[in-house]
Amino acid sequence: MNAAKKLAYGVVLSFAVTLGATEARATASWETGPFVSSSWTANPSNMLRTATVSSSEMAQLADGRMVEFGSNGNVAPNDVVSWTLVDEATIYGVNVFSKYKDSGRDGIDISKLEVKTADSGDQWIDLGAPAVEYATIHLDGKNIAHDGISGTMYAKYADAGGEALATRVKAFRITFGPNQDNGKTGYGEVELVGVSSVGWKFNLTRPLTSLATISLNPAPDANGYYRDGTSVTMSLTPAEGVTFLRWDGDLPEELLANSTVTFTMAGVRTIKPYLSSATFVYQDGIICDGTQQYRLSESSDNITVSGVVELGEGNSADLTKPIAGGKKITTIGSNAFASSGLASLVLPSSLERLESRAFVNCRSLTSVSPMFPDSLVYYGGGCFADAGEFTGNVRIGFGVDGAGAPKAVTFGIHDTVRGLQFQSQPLGPNIELGPGVTSIPAYTFRNCRSVTNLVISANMATIAANAFENLGQKVASVYFEGDKPTMADTAFTIVSDGVASRVRFCIPWRGGVGCPSWAAYTADTSKVTRWDSLTAEQQATYWTNFPRQSGDKWRPYGMTAAAAGGLPAGTWIVCLKNLPTVIYIH
């Protein structure tokens, strides 16, 4: 097994190697494909942020972190960056990861690599690396022209025979090349790959102290490292009411269920415990039940969930657990769960607000319950924008205050005109908008094609453009419990297989004095063609879509002749046979 393979398998190499930097440089070259350990592989999703080959997957070389260059153009042509290693090290390779052609910045170009060794004193030794435009080496290994290409690039500098580039290295220095087209570089990392006598990193995720404590015997050094071969005993003691479930990470399978384990440090270990608690505990701006963990802010006893530290089993979030001390979750903050991988969500009965884009890009989200608690009175703009598809009946606007009056519900605006709260979700089949809902902004329920029953309370005042666009790709009924609200002409734009007449709009009664707007609308023959003026074929189509049922309170009044007042052409108007009644679909 050559040296490079030994490194990949996590073996700490002896420093008896005598090969010097100058000897190794003769066969070293830039190549595609980074040095990787047995547990990490480069790919586009982790290339720039979680590539941890040098400092955590391998022995510690620098200061416990990679050297990372941000997006502010802080590396210019001919800049020099250097850092000192924690301990003497043998260097086997240099990895470069970069992303370029973003905001006018290029990838990382390097013209020189140098080291200081224990033998060279203050003198820098040139490793003889040829100047290379790293941005020309793409993920697929092809040599791609530098100009006009965007993407993630990588390269490595290594000895062709897997031998060390240099031994007893104490410091490392990079000179950046002059090839950046725009005079600055953003997005990238440069890593050393090798081994040193400082040992192996022990990455332990500790629980909140109010849930459990963990003891390590012996303890790691100040930087979290153990010398190779150290035997470590780790023991977890849960707090009262908390149950230890298992360890997760770099332990043998047979040890994962034991709260006390002993292991030998022969490579990097990353370990975290899973616990179970019937309640969330609150500590240092965090609530946690042993598995789920969320960042928060608070006002008195009210809590705003502001971010995700860790989701529950199966990427779930159950926010209904009581919080020790009596606090309650009333708000889920802006972008709190954005792109979190959330798959299922259970909302607490205390929840009052979903801020803008609270669940944006939660593309795996398939379950939300309940939809929605009566306490919820604010739905921020785009709160479920670009989320995964979740289905189920929806009730909004049925909360009441202490005096029994409806609590007003507000739908926030995502941009200047649009709500986008539930756009393209397969909600339904039933949506009920209760007395607390008086206004629907544009695009709120756009493309919710699975809805077959929509109930709109008598308190509804305005419905904006495209709010219910493409409602009812199946046969659908829209029930108005009061007079006609003010609606944009495109509030409902309904086409089902090219035929709009599969949707009916149910109004309280035929032109009763309590509904003057409906009376005026239905009396206008330019807008509504009366039933007795329709053809027999048109009438038959209605009964095909909406068969007669025993006790049915609705009778056809006519068909819209032209799109106006928010109702599309070719849709049915039906009326109650008797006095209006409140209709709820359960």
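Residues numbered from 1 in each chain as written. Predicted model: local features only at pLDDT ≥ 70, side-chain atom pairs only at ≥ 80, totals over all residues. Heavy atoms only, no water.

Caption draft 1: Region of interest: the overall build of the chain. Each helix and strand in the chain was counted, giving five helices and 38 strands. Within the span of the chain, comprising 586 residues, buried residues form 51% of the whole. Within the chain, counting contacts between residues at least 6 apart in sequence, those at least 24 apart form 67% of the total. Surface exposure of the chain reaches about 24600 Å², of which carbon and sulfur atoms provide 47%. (Helix = DSSP H or I, 4+ residues; strand = E, 2+ residues; numbered from the N terminus. Buried < 20%, exposed > 50% of the residue type's maximum accessible area, 1.4 Å probe, protein only. Contact = heavy atoms within 4.5 Å. Areas by Shrake-Rupley, 256 points an atom, 1.4 Å probe, with all protein chains shown as cover.)

Caption draft 2: Structural detail: the nonpolar core. One finds Phe337, Phe372, Phe384, Ile396 and Phe492 to be the most contacted residues of the largest nonpolar core, which totals 71 residues. Beyond its immediate stretch of four places on either side in the chain, Phe372 contacts Leu347, Tyr379, Phe384, Val394, Arg395, Ile396 and Phe422. (Core = buried A, V, L, I, M, F, W, Y, C linked by side-chain atoms within 4.5 Å.)

Caption draft 3: Local environment of the pairing of strand E22 (residues 328-332). The buried count for E22 comes to four of five residues, which makes it a mostly enclosed element. Where strand E20 (residues 302-310) lies against E22, four bridges are found, and the strand directions are parallel. Within the sheet, the bridge partner assigned to Ile303 lies in E22 and is Ile329. Pairing of E22 with strand E24 (residues 353-354) involves two bridges; the strand directions are parallel. Bridge pairing in E24 links Thr331 to Arg353. (Pairing = 2+ DSSP bridges.)

Caption draft 4: Broad picture of empty space enclosed by the protein. Summed over all chains, the structure comprises two cavities of 30 Å³ or more. In this structure, the largest cavity encloses a volume near 120 Å³. (1 Å grid on protein atoms, 1.4 Å probe; cavity = no way out; pocket = protein on both sides within 12 Å on 5 of 7 lines; lining within 4 Å. Points joined across faces, edges and corners; volume = space filled by probe spheres on them.)

Caption draft 5: Inspection of the sheet that holds strand E34 (residues 486-487) at higher detail. An order of E30-E32-E34 is seen for the three strands of this open sheet, with the pairing classed as parallel. Every interior strand has two partners, whereas the edge strands, strand E30 (439-440) and E34, have only one. Taken together, the two bridges between E30 and strand E32 (residues 462-463) define a ladder with parallel strand orientation. Bridged to Ile440 within E32 is Ile463.

Caption draft 6: Quick peek at the packing of aromatic side chains. Under the defined criterion, the tally for this structure stands at 30 aromatic pairs. When the ring of Phe445 is compared with that of Phe468, the centres are 5.3 Å apart and the planes differ by 5°; the resulting orientation is stacked. Within this pair, whereas Phe445 is found in the loop between E30 and strand E31 (453-456), its partner Phe468 is found in the loop between E32 and strand E33 (476-480), the two being separated by 23 residues in sequence. Take Phe445 and Phe468: they sit in the same class, and that class is buried. In this arrangement the basic side chain of Lys327 is found over the ring face of Tyr282, its NZ or CZ atom lying 5.5 Å from the centre. Above the face of the Tyr443 ring, Arg418 is positioned so that its terminal group lies 5.4 Å from the ring centre. (Phe/Tyr/Trp six-rings, centres within 6.5 Å; stacked < 30°, edge-to-face > 60°. Lys NZ or Arg CZ within 6 Å of the ring centre and 35° of its normal.)

Caption draft 7: Region of interest: the side chain of Asp289. One can find Asp289 in the loop between strand E18 (286-288) and strand E19 (293-299). Residue classification places Asp289 among the buried residues on the basis of a relative accessible area of 5%. Contact partners of Asp289, with chain neighbours within four places excluded, come to Leu211, Leu275, Ser276, Ser277, Thr279, Phe280 and Lys321.

Caption draft 8: Structural view of unusual backbone geometry. The omega torsion across Met371 and Phe372 is 5°, close enough to zero to call that bond cis. Its location among the elements puts Phe372 in the loop between strand E25 (367-369) and strand E26 (378-379). With an omega of 20°, the peptide bond between Gly428 and Pro429 qualifies as cis. Among the structural elements, Pro429 can be located in the loop between strand E28 (410-411) and strand E29 (430-433). Here Arg357, not a glycine, exhibits a phi torsion of approximately 55°, which is positive. Topologically, Arg357 is positioned in the loop between E24 and E25. On the basis of relative accessibility, which here comes to 28%, the residue Arg357 falls in the partly exposed class.

Caption draft 9: Molecular detail of the side chain of Lys116. Looking at the element boundaries, Lys116 is found in strand E4 (residues 109-117). For the buried residue Lys116, which engages in no salt bridge, the nearest side chain bearing the opposite charge is Asp122, 4.1 Å off. Residues contacting Lys116, with those up to four places away along its chain left out, are Gly121, Asp122, Gln123, Trp124, Arg168, Val169, Lys170 and Ala171. (Lys, Arg positive; Asp, Glu negative; His and termini not counted. Salt bridge = Lys/Arg side-chain N within 4 Å of Asp/Glu carboxyl O.)

Caption draft 10: Focus on the pattern of salt bridges. Enumeration according to the criterion identifies 12 salt bridges in this entry. Residue Arg168 pairs with Glu88 through a salt bridge whose shortest N-O separation is 3.0 Å. Of this pair, Arg168 sits in strand E8 (residues 166-176) while Glu88 sits in strand E3 (residues 80-100), and the two are 80 residues apart along the sequence. For Arg168, a relative accessible area of 35% puts it in the partly exposed group.

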